[in-house]
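# Inside the fold
Take a look at the letters that make up each chain.
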Amino acid sequence: MARDIDISLLRAFVAVADTGSVTAAARLLNRTQAAVSQQLKRLEELFGVGLFQREHKRVALAPPGEQLLDSARRLIAMNDEVWGMMTTPSYNGEVRLGVPFDIVPTYAPNILRRFAQAWPQVQVSLATQNSVELVELLDDGKIDLTITTELGPSRENGELLRRDRLVWVTAPDSDAHLRRPLPISIGGRTCLFRPVVLDALRAEDIDWRFVVEVSNQEAVNATIAAGLGVAAMLADSVPDGLVVLEDDAGLPPLPEFSIILYLPRTGSTELAEELACHIRTEFALRFGSAGLMRAPAAAPRPMRRSGAGAPAPRLVSSA
């Protein structure tokens, strides 16, 4: 027999998990401590397991609670999206979204697909440039909202969506990382990865030369796939067919970057706010509680020594 889960119980569970305290969760949810405790009890009775264990004055997730947490976040996010879809008036018009060219294939398809399903009468225009240029477009009113990749928010109204590691990337069986001067493919002068990468190389006294320096991901990916050099990319966005260099490859470590959501400082449109909700939902569904954490130390696609059967690189063009 099918059983239904009360979303309010999951909200109480997630709030306690996030704050580590029933009292703090009650303040966050604007409920009494007794009400939150009762909701936790009902949820534990529903599943027949204990979700928390007490540690001194705080509560910590028990193993069943750890198992539930990410799924609970996804259910809450989907609930809120459906509620918004069914209770918000139908929209017509256009919304203009900015996304850095290097993370377009990683995040944009799912966001745009679900938004189009919810609001089929709305036209979405996508601007793909680097983060500095996208923020300028937002300030000039040429786009309605933007995602950026930065070391941290460059302005107070930035909303952190995810932290991801910047990693060195090459082609399978390429020895480009051993050559000196080091051949690198990198963005143009306004690319925010550029000064970070060059400063890291200077700190290790590694000479370099540019294979390509242009904010065009297709060009960067093509040179790396051909074995002509190395590049720095976010770990979540390494294309198929390229590999992440391991820590012992002789290149300096690179820092985390933040994926930030910006709306205009004043005067956001209803369509921009609605698309922002879909963006938040995408990150919540994809990463759950790990969304704001550093990407795993064991990055995908470890350095391989044999290129036999390696898939072709996925090339991404930028507008």
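Scroll up a little and you will see the structure.
The rules behind each value
- Counting starts from 1 at the beginning of each chain's written sequence and moves along it residue by residue.
- Reporting of local features is limited, given that this is a predicted model, to residues whose pLDDT is at least 70; pairs of side-chain atoms are given and counted only at 80 or more, and all residues count toward the totals for whole chains, interfaces and linings.
- The basis for every side-chain value is the complete set of heavy atoms in the structure, and neither hydrogens nor water enter the calculation.
- Strands were regarded as paired on the criterion that DSSP finds at least two bridges between them.
- The secondary structure listing takes helices from DSSP runs of H or I that are at least 4 residues long and strands from runs of E that are at least 2 residues long, numbered from the N terminus.
- By convention, orient the strands away from the viewer: a clockwise path from the first strand over the helix to the second makes the crossover right-handed.
- Only buried Ala, Val, Leu, Ile, Met, Phe, Trp, Tyr and Cys residues count toward a nonpolar core, and they belong to the same one when joined by side-chain atoms within 4.5 Å.
- With a 1.4 Å probe rolled over the protein chains alone, any residue whose accessible area is under 20% of its type maximum counts as buried; one over 50% counts as exposed, and the rest are partly exposed.
- In what follows, a contact means two residues having at least one pair of non-hydrogen atoms within 4.5 Å.
- Expected helix span is given by 1.5 Å per residue-to-residue step, counting one fewer step than there are residues.

Remember that side chains alternate between the two faces of the sheet whenever the strand is regular. In this structure, strand β3 (residues 93–98) lies alongside strand β4 (residues 122–127), joined through 6 bridges in parallel fashion. Looking at the pairing, Arg 96 lines up with Ser 125 of β4. The β-α-β motif built from β3, the intervening helix α5 (residues 104–118) and the parallel element β4 has right-handed crossover chirality. Relative to strand β5 (residues 145–150), β3 runs parallel, the two sharing 2 bridges. In the strand pairing of β5, Gly 98 is matched with Thr 146.

Here we come to the nonpolar core. Leu 145, Leu 166, Trp 168 and Ile 279 are the most contacted members of the largest nonpolar core, which totals 47 residues. Looking at which element gives the most residues to this core, the answer is helix α9 (residues 270–287), with 7 residues. Once residues lying within four places of it in the same chain are set aside, the contact partners of Leu 166 are Phe 193, Val 196, Val 197, Ala 232, Met 233, Leu 234, Leu 254, Pro 255 and Phe 257. Formed by 22 residues, the second largest nonpolar core is a distinct cluster that contains Ile 7, Leu 9, Val 16 and Leu 43.

When the terminal C-alpha atoms of α9 are compared, their 26 Å separation across 18 residues agrees well with the 26 Å that a helix rising 1.5 Å per residue should span. Those residues of α9 lying buried are Leu 271, Ala 272, Glu 274, Leu 275, Ala 276, His 278, Ile 279, Thr 281, Glu 282, Phe 283 and Phe 287. Phi turns positive, to about 55°, at Gly 288, one or two residues after α9.

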